[in-house]
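Residue-level structure breakdown
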Amino acid sequence: MAPLHVALIMDGNGRWAQAHGLPRVAGHRRGADVVRELVESAPGLGIGTLSLYAFSSDNWQRPDREVASLMALFRAFLRRERRRCIKEGVRVAVVGRRDRLSAGLVREIERTEAATLEGSVLCLRICVDYSARDRIVDAANLMARNGDRGRDAFVRALGRAGQESDASLDVDLLVRTGGEQRLSDFLLWECAYAELLFVEQMWPEFGRESLSRAIDTFGRRERRFGAVPAMP
Ligand code: FPP
């Protein structure tokens, strides 16, 4: 089977923290530990690409202190994990707008992307200041400027709009934790035929075992892409 593209909407950090009598940022910190654990186990589960929804363009509406702690957490994560990613063959790509990120974070992103470029075991796409709708609009504008038409050209434009070489990757499985059942402007084009799985667990509780169960569930789904089932 071809390596899977799994997308994760990491919801429930705040509620997990609250339930444990901790500040919300403690939930995000614990969430970052889960990311590390999953990056380690993903290749063994047949995953070739992991796309993580770390910060949506709508998340800027959160309190300044929470936004600042999340940005500090992303920066520390990249700095801390870079060496390990190189060693484990993980290519890191940070997807989304960069013009509203701090210069320090952008520097860390660029360093990590450059240092891990050769990684071929897993592609880890961390979506920060990301909006699928904005990205689609950017791609449509690019198409109009170049006079391009058609699906293939659109997919290429979508990649260029996000400065990515392989952004056209269709998602095989999208998992959202935290009990909510919506896409929240994440990978809308790429999820056209994704299997969707919504789980009640909060993100900090979603470890290796949970990801493995999600992949098992995915394996039992019948994907027909609009066709009829195969004859026995
Ligand atoms: C949504 O849960 C979560 C986020 C907006 C942040 C996700 C960030 C992490 C998991 C941190 C680490 C990530 C990386 C890539 C290092 P919420 O806070 O909205 O939870 P709630 O719905 O319970 O309030």
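Since this is a predicted model, take the numbers as computed values, not measurements.

**Examining the overall build of the protein chain**
Within the protein chain, the secondary structure is distributed over seven helices and six strands. If you list the helices and strands of the protein chain from N to C, you get β-α-α-β-α-β-α-β-α-α-β-β-α. Taking 232 residues into account, the globule formula puts the C-alpha radius of gyration at 17 Å, and the protein chain, at 18 Å, falls close to it. Its C-alpha atoms give the protein chain principal-axis dimensions of about 50 × 45 × 35 Å.

**Here we look at the pattern of salt bridges**
Applying the stated criterion to the full structure yields 23 salt bridges. One salt bridge connects Glu 81 with Arg 84, and the closest N-O pair in it is separated by 3.1 Å. With Glu 81 and Arg 84 both in helix H3 (residues 64–88) and three residues apart, this pair spans about one turn of that helix. Classification of Arg 84 as partly exposed rests on a relative accessible area of 34%. The partner of Arg 98 in a salt bridge is Glu 113, and the shortest N-O contact between them spans 2.8 Å.

**Quick notes on the layout of surface pockets**
Taken as a whole, the largest pocket encloses approximately 770 Å³ of empty space. In this structure, the largest pocket is lined by 38 residues; those nearest its centre are Met 10, Tyr 53, Ala 54, Asn 59 and Arg 62. Mapped by element, the contributors of at least two residues to the lining of the largest pocket are helix H1 (13–19), helix H2 (24–41), strand E2 (47–56), H3, helix H4 (103–115) and strand E4 (122–130). A volume near 240 Å³ is recorded for the second largest pocket. Lining the second largest pocket are 11 residues, with Arg 151, Asp 170, Trp 189, Ala 192 and Tyr 193 positioned closest to its centre. Classifying every residue of the lining of the second largest pocket gives six nonpolar, one polar and four charged.

**Things to note about empty space enclosed by the protein**
Under the counting rule described, the total for this entry stands at one cavity of 30 Å³ or more. Counted as a void, the largest cavity has a volume near 30 Å³. Secondary-structure elements contributing two or more residues to the lining of the largest cavity are H3 and E4. With five residues, the single largest contributor to the lining of the largest cavity is H3. Of the residues contributing to the lining of the largest cavity, the split by class is six nonpolar, one polar and two charged.

**With respect to the packing of aromatic side chains**
Tallied over the entire structure, the rule returns seven aromatic pairs. Centre to centre, the rings of Tyr 53 and Phe 186 are 4.1 Å apart; their planes meet at 10°, and the pair counts as stacked. Placement of Tyr 53 in strand E2 and of Phe 186 in the loop between strand E5 (173–176) and strand E6 (195–198) is noted, with a sequence separation of 133 residues between them. For the pair Tyr 53 and Phe 186, a shared accessibility class is recorded, and that class is buried. Each ring, one from Trp 203 and one from Phe 206, has its centre 5.5 Å from the other, and the planes form 20°; the classification is stacked. The pair Trp 203 / Phe 206 is uniform in exposure class, with both members buried. These aromatic residues form a ring-pair network of at least three members: Tyr 53, Tyr 130 and Phe 186.

Calculation criteria
Each chain has its residues counted from 1, following the order in which its sequence is written. It should be noted that, the model being predicted, local features are given only for residues of pLDDT at least 70 and side-chain atom pairs only at 80 or more, the latter also being counted only at that level, while totals for whole chains, interfaces and linings use all residues. With hydrogens and water excluded, all non-hydrogen atoms of the structure serve as input to the side-chain values. The helix and strand labels rest on DSSP assignments: H or I over at least four residues marks a helix, E over at least two residues marks a strand, and numbering proceeds from the N terminus. We compute the radius of gyration over the C-alpha atoms and compare it with the globule rule, which gives 2.2 Å times the number of residues raised to the power 0.38. In the sections that follow, a salt bridge refers to a side-chain nitrogen of Lys or Arg positioned within 4 Å of a carboxyl oxygen of Asp or Glu. Throughout, exposure labels follow a simple rule: accessible area from a 1.4 Å probe, protein chains only, divided by the maximum for the residue type, with under 20% read as buried, over 50% as exposed, and the rest as partly exposed. Think of a 1 Å grid over just the protein atoms. A cavity is a set of points where a 1.4 Å probe fits yet cannot get out, a pocket is an open set with protein on both sides within 12 Å along at least five of seven lines, and lining residues have an atom within 4 Å of a point. Grid points are joined across faces, edges and corners, and a volume is the space filled by probe spheres set on the points. For this scheme, ten residues count as nonpolar: Ala, Val, Leu, Ile, Met, Phe, Trp, Tyr, Cys and Pro. Four count as charged, namely Asp, Glu, Lys and Arg, and the remainder, Gly too, count as polar. Think of it this way: a Phe, Tyr or Trp ring, Trp meaning its six-membered ring, pairs with another when their centres are within 6.5 Å, and the plane angle makes it stacked under 30 degrees, edge-to-face over 60, tilted otherwise.

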